[in-house]
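Chain and residue survey
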Amino acid sequence: MANRRLAPVSEQPERFAFTPENAEWAKGQIAKYPEGRQASAVIPLLWKAQEQHGGWLPRKAIEAVADQLGMPHIRVLEVATFYTMFALEPVGRYWIQVCGTVPCDVCGARELKQMLHDRLGPPGHVDPQGTFSWLEVECLGACCNAPMAQINHDYYEDLTPESLGRLMDDLAAGRPVRVGSQTGRTSSEPKDAVTTLQDETLFDGSRVGAWRKRFEEEGLKETGAEAARGEAEKARTENAAADPKPAKPTAGRASESPAAAAPAQRAADGQAPVDPAAATGQAAPERSTVAVSRTGPETEPGPRSGRSYTTTPSNPDEGRPVAETKGSTREAGAEPMAAPGRTDGSQAKPVGVDPADKGPPGPKPGG
Ligand code: FES
């Protein structure tokens, strides 16, 4: 990193003032900011002062800018010494700022610096002819084309010690030079083997409006398909009206049989059960919406299984049926259940447990 010190007193001018033209320009810059915020114009004014003074900022120029903006001198000095874009010492006609930050460093900036050191001497000094001076600076934002250097207002990229040497020769001789990449690549395109953006139509303007044309064509296709679908639907509706098909009487409805045909109802009404063989043409029992016994006709009302009790959960949290000896509810009209059908829970004991085992030892009631 370069030392940021003011030039020696011997180099400093005794006074500094903007030319009338630059003073007018400075007023325009200051007027861009609201009242009380004139300090925001400090960088443009320092830049103009440097330009006017041959490319570097003397102390008197820094103080003149501070006075014009109503700022303490030290505040403007802080700005001028922070940014390397402000040269604090005299520079050559061509001021070379070489980027030394990592991307440029790994791509060859060290060789560039060595070449400049060999040719011009240490950084910050002007060559005897007053043509060149150089300085190492931080990233200048052209890392994709590293290594690079800024010479006065222009960037020169993809440099090698040889190409930078030729460049300096041309500048010193007043010959035209190529700004930007010195290897000929456009902008920041890949260094070798360009494989993308090769289509000329991307750049000749022939694609302008192409997306609109494509959307219009797709819209027309969609409209045509929609019209064709509408025609087909219309034709189908007309055909259906002219030639209706007979619908089945039960089409779309649940198949039902009269409740009076149910065996339980017939039994309740004192009628004989229906002979299945004679029930041909009636709805199949398994398809009936009325409960029908699958085992045969029922002759009397009552429970249809050996169990005449329904169970209810003993604890809503458990959701398990209770023992049949308590909490059970008889079905309405059912006969009392035979004793063998009821259990006391003893059959739930694990296999291998001695029935004589009365439980863990301990005090017995009354014992
Ligand atoms: S690192 Fe050199 S330009 Fe960014």
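This report concerns the structure included in the present document. Please read all numbers here as calculations on a predicted model, not as lab measurements. (Residues numbered from 1 in each chain as written. Predicted model: local features only at pLDDT ≥ 70, side-chain atom pairs only at ≥ 80, totals over all residues. Heavy atoms only, no water.)

Quick look at the packing of helix α3 (residues 59-69) against helix α4 (residues 73-82) now. One can describe the packing of α3 onto α4 by two numbers: an axis separation of 8 Å at closest approach and a directional angle of 125°. By the angle between their directions, the pair α3 and α4 is classed as oblique. Regarding α3 and α4, the two cross each other, and that crossing is right-handed. Side by side, α3 and α4 meet where Ile62, Glu63, Val65, Ala66 and Asp67 of the first sit next to His73, Val76, Leu77 and Ala80 of the second. (Axes fitted to C-alpha atoms, helices over the stretch in contact; angles between N-to-C directions. Helix = DSSP H or I, 4+ residues; strand = E, 2+ residues; numbered from the N terminus. Parallel < 35°, antiparallel > 145°, perpendicular 65-115°, else oblique. Left-handed = near helix turned anticlockwise from the far one by under 90°. Contact = heavy atoms within 4.5 Å.)

Grouped together as the largest cluster of nonpolar side chains are 21 residues, with contacts concentrated most on Leu45, Leu46, Leu57, Val65, Leu69 and Val76. Breaking this core down by element, the ones donating at least two residues are α1 (20-30), α2 (42-52), α3 and α4. Per-element tally for this core: the top contributor is α3, with five residues. For Leu46, the residues in contact, after removing those within four places along its chain, are Leu57, Ile62, Val65, Val76, Val79, Ala80 and Phe86. Grouped together as the second largest cluster of nonpolar side chains are 17 residues, Ile151, Leu159, Met168 and Leu171 included. (Core = buried A, V, L, I, M, F, W, Y, C linked by side-chain atoms within 4.5 Å. Buried < 20%, exposed > 50% of the residue type's maximum accessible area, 1.4 Å probe, protein only.)

As a packed pair, α2 and α3 sit with axes 10 Å apart at the nearest point and diverge in direction by 145°. Crossing handedness for the pair α2 and α3: right-handed. Packed against α2, whose contacting residues are Val42, Leu45, Leu46 and Ala49, the element α3 presents Ala61, Ile62, Val65, Gln68 and Leu69 at the interface.

Examined against the element boundaries, Thr131 turns out to sit in the loop between α5 (102-120) and β2 (132-137). Residue classification places Thr131 among the buried residues on the basis of a relative accessible area of 10%. Dropping the residues within four chain positions of it, Thr131 is found in contact with Gly92, Arg93, Tyr94 and Ala172.

This brings us to the pattern of salt bridges. Between side chains of opposite charge, pairing is possible as soon as their charged atoms come close. Scanning the model with the defined rule gives 14 salt bridges in all. One salt bridge in this structure joins Glu51 and Lys48, with 3.1 Å as the shortest N-O distance. Of this pair, Glu51 and Lys48 are both found in helix α2, three residues apart, which corresponds to roughly one turn of the helix. One salt bridge in this structure joins Arg175 and Asp170, with 2.8 Å as the shortest N-O distance. Since its relative accessible area comes to 44%, Arg175 is described here as partly exposed. (Salt bridge = Lys/Arg side-chain N within 4 Å of Asp/Glu carboxyl O.)

Turning next to the pairing of β2. Strand residues, when the strand is regular, have side chains that alternate between the two faces of the sheet. Burial of β2 is extensive: five of the six residues sit out of reach of the surface. Both strand β1 (residues 94-99) and β2 contribute to a ladder of six bridges, which runs parallel. In the strand pairing of β2, Tyr94 is matched with Phe132. Handedness of the β1-α5-β2 crossover: right-handed. (Pairing = 2+ DSSP bridges. Right-handed = clockwise from strand over helix to strand, strands pointing away.)

Before going further, it helps to examine α5. Taking 1.5 Å per residue, 19 residues should reach 27 Å; α5 reaches only 23 Å between its end C-alpha atoms and comes up short. When α5 is considered as a whole, its buried residues turn out to be Cys104, Asp105, Gly108, Ala109, Leu112, Lys113, Met115, Leu116 and Leu120. Residues of α5 that are buried make contact with β1, β2 and α6 (161-173). Once α5 finishes, Gly121 follows within two positions and takes phi at roughly 100°, a positive value. (Expected span 1.5 Å × (residues − 1).)

Time to look at a nonpolar patch on the surface. Taken together, the side chains of Phe82, Tyr83 and Met85 make up a nonpolar region of the molecular surface, amounting to roughly 300 Å² of accessible area. Considering the arrangement of structural elements, one finds Met85 in the loop between α4 and β1. For Met85, a relative accessible area of 31% puts it in the partly exposed group. (Patch = residues over 30% accessible without salt bridge, like charges linked within 9 Å, V, L, I, M, F, W, Y side chains within 5 Å. Areas by Shrake-Rupley, 256 points an atom, 1.4 Å probe, with all protein chains shown as cover.)

Here we take up the pairing of strand β4 (residues 154-157). In the sheet, strand β3 (residues 149-151) pairs with β4 via three bridges, with the strands oriented antiparallel. Note on β4: the bridge partner recorded for Ile151 is Asp154. Following β3, the chain reverses through two residues before pairing antiparallel with β4; Asn152 in that reversal takes a positive phi of roughly 50°. With two bridges joining them, β4 and strand β5 (residues 180-181) adopt parallel strand pairing. Counterpart to Tyr156 in the pairing with β5 is Gly180.

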